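Okay, here's what each chain looks like letter by letter:
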Amino acid sequence: MADNFQIRDVFNEKVVNGLADRLKAAMPNFEKNKFNKYIIPKLPNLTYSERSALITEGLEKFLPKEFTKAVPILLAAQLPPYPTDILENTNDRFITVPQTTFISRNGLKHFDLSMKALYEMTQRLSSEWAIRVFLEKYPDKSLALLKKWTKDKNPHVRRLASEGTRPLLPWGKRLNHFKENPGITIELLNLLQNDPSEYVRRSVANHLNDHAKYHPDLVVKTLKTWKKNHPGKNMDRLIKHATRTLVKNGHQGALEIIGFKKGAKIKIESFITDREIKIGGFLNFSFELM
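(A) Local environment of the overall build of the protein. Across its full length, the protein carries 16 helices and two strands. Dimensions of the protein, computed from the C-alpha atoms along their principal axes, are close to 75 × 50 × 30 Å. Here the protein holds 290 residues, and 46% of them are scored as buried. Here the analysis covers contacts within the protein between residues at least 6 apart in sequence; of these, 64% occur between residues at least 24 apart. Carbon and sulfur atoms make up 53% of the accessible area of the protein, which amounts to about 16100 Å² in all. Across the protein, the centroid of the 48 positively charged side chains sits 3 Å from that of the 31 negatively charged ones.

Spelled out as structure tokens, the structure:
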């Protein structure tokens, strides 16, 4: 990877060309050269979001206008799915993101077909951003489907049930209803608490950390139950990651669940600090907790 790589560079001439080639193979009359010409010359001056939006616009311009005809072409043009839950060489796979956006922008009237598309696309990178508009428009149907997906054999699909419903997902539309009513998504997380994939459990922890910012006691209560049900290193890692905000804020229940009992005596040793500091500067210090 180049030293001057920026996140926007995941959308580049190579990946756009690759998508165009796959679309051409799936749709012989696809105007590949016009698609490339519409997108590639504009990329250098655009941000990540602008590049992604431009690719989505290109899909809307050159794929069939009927959503039901466009989706089978997109699905036939997908990259191979990840064989495991270990993500490697992800940069070229970000081309999936504008395709998921195509689904969210054009597929709201076609729930079943859209969910089929996002199910496939999440196995190539993630549909966590695109699925959120469906959760808002069809909350009951979407949650019922995600509940089934928590049992899917593919870890990327199971992860989507957690990551796609995160109330405060980075780069994603906030799901305020879930933020205010955490029990809705905790029902999903209960089904994933002991998932065999660390990749999925990490998402569960991040999801709980979102809720911890507004419902700290509920998160601690949930984690105590989980720890009782599934004690061990995997659960300890999940708890540590899920409570990071609470521990930082000194929440007593979170401190207790990671091993700091109420009233425990803590000793500070090896405290080291700068001898001098200028006004407006930084103070460097370190210490050990015993």
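(B) Summary view of the pairing of strand 1 (residues 268-273). Little of strand 1 sits inside the fold, with zero of its six residues counted as buried. Here strand 1 runs beside strand 2 (residues 285-289); their pairing, made up of four bridges, is antiparallel. Looking across to strand 2, one finds that Ile268 is bridged to Leu289.

(C) Quick peek at the packing of aromatic side chains. Overall, the coordinates contain eleven aromatic pairs when judged by the stated rule. Lys141 extends its terminal NZ or CZ atom over the ring of Tyr138, reaching a point 5.2 Å from the ring centre. Directly above the ring of Tyr214 sits Lys179, whose terminal nitrogen or CZ lies 4.8 Å from the centroid.

(D) Focus on unusual backbone geometry. The phi dihedral of Trp171 is positive, around 70°, even though this residue is not glycine. When you line up the elements, Trp171 lands in the loop between helix 9 (155-163) and helix 10 (176-180). Classification of Trp171 by relative accessible area gives exposed; the value is 61%.

(E) Region of the structure containing the pattern of salt bridges. Here the structure, examined in full by the defined rule, presents 15 salt bridges. Two residues, Lys32 and Asp21, come together in a salt bridge whose shortest N-O distance is 2.4 Å. Placement of the pair is Lys32 in helix 2 (residues 32-39) and Asp21 in helix 1 (residues 13-26), with a sequence separation of eleven residues. The exposure class assigned to Lys32 is partly exposed, which follows from its relative accessible area of 26%. For Asp21, a relative accessible area of 38% translates into the label partly exposed. The shortest N-O distance in the salt bridge between Lys34 and Glu31 comes to 3.1 Å. The exposure class of Glu31 is partly exposed, given its relative accessible area of 38%.

(F) Representation of helix 8 (residues 139-149) in the model. Taken residue by residue, helix 8 has Ser142, Leu143, Leu146 and Trp149 as its buried positions. All buried residues of helix 8 project into a common sector of 110° when viewed along the axis, lining one side. Those residues of helix 8 that are exposed and aimed more than 90 degrees away from the buried face are Asp140, Lys147 and Lys148.

Analysis parameters
Residues numbered from 1 in each chain as written. Predicted model: local features only at pLDDT ≥ 70, side-chain atom pairs only at ≥ 80, totals over all residues. Heavy atoms only, no water. Helix = DSSP H or I, 4+ residues; strand = E, 2+ residues; numbered from the N terminus. Buried < 20%, exposed > 50% of the residue type's maximum accessible area, 1.4 Å probe, protein only. Contact = heavy atoms within 4.5 Å. Areas by Shrake-Rupley, 256 points an atom, 1.4 Å probe, with all protein chains shown as cover. Lys, Arg positive; Asp, Glu negative; His and termini not counted. Charge placed at Lys NZ, Arg CZ, Asp CG, Glu CD. Pairing = 2+ DSSP bridges. Phe/Tyr/Trp six-rings, centres within 6.5 Å; stacked < 30°, edge-to-face > 60°. Lys NZ or Arg CZ within 6 Å of the ring centre and 35° of its normal. Salt bridge = Lys/Arg side-chain N within 4 Å of Asp/Glu carboxyl O. Arc of directions from axis to C-beta.

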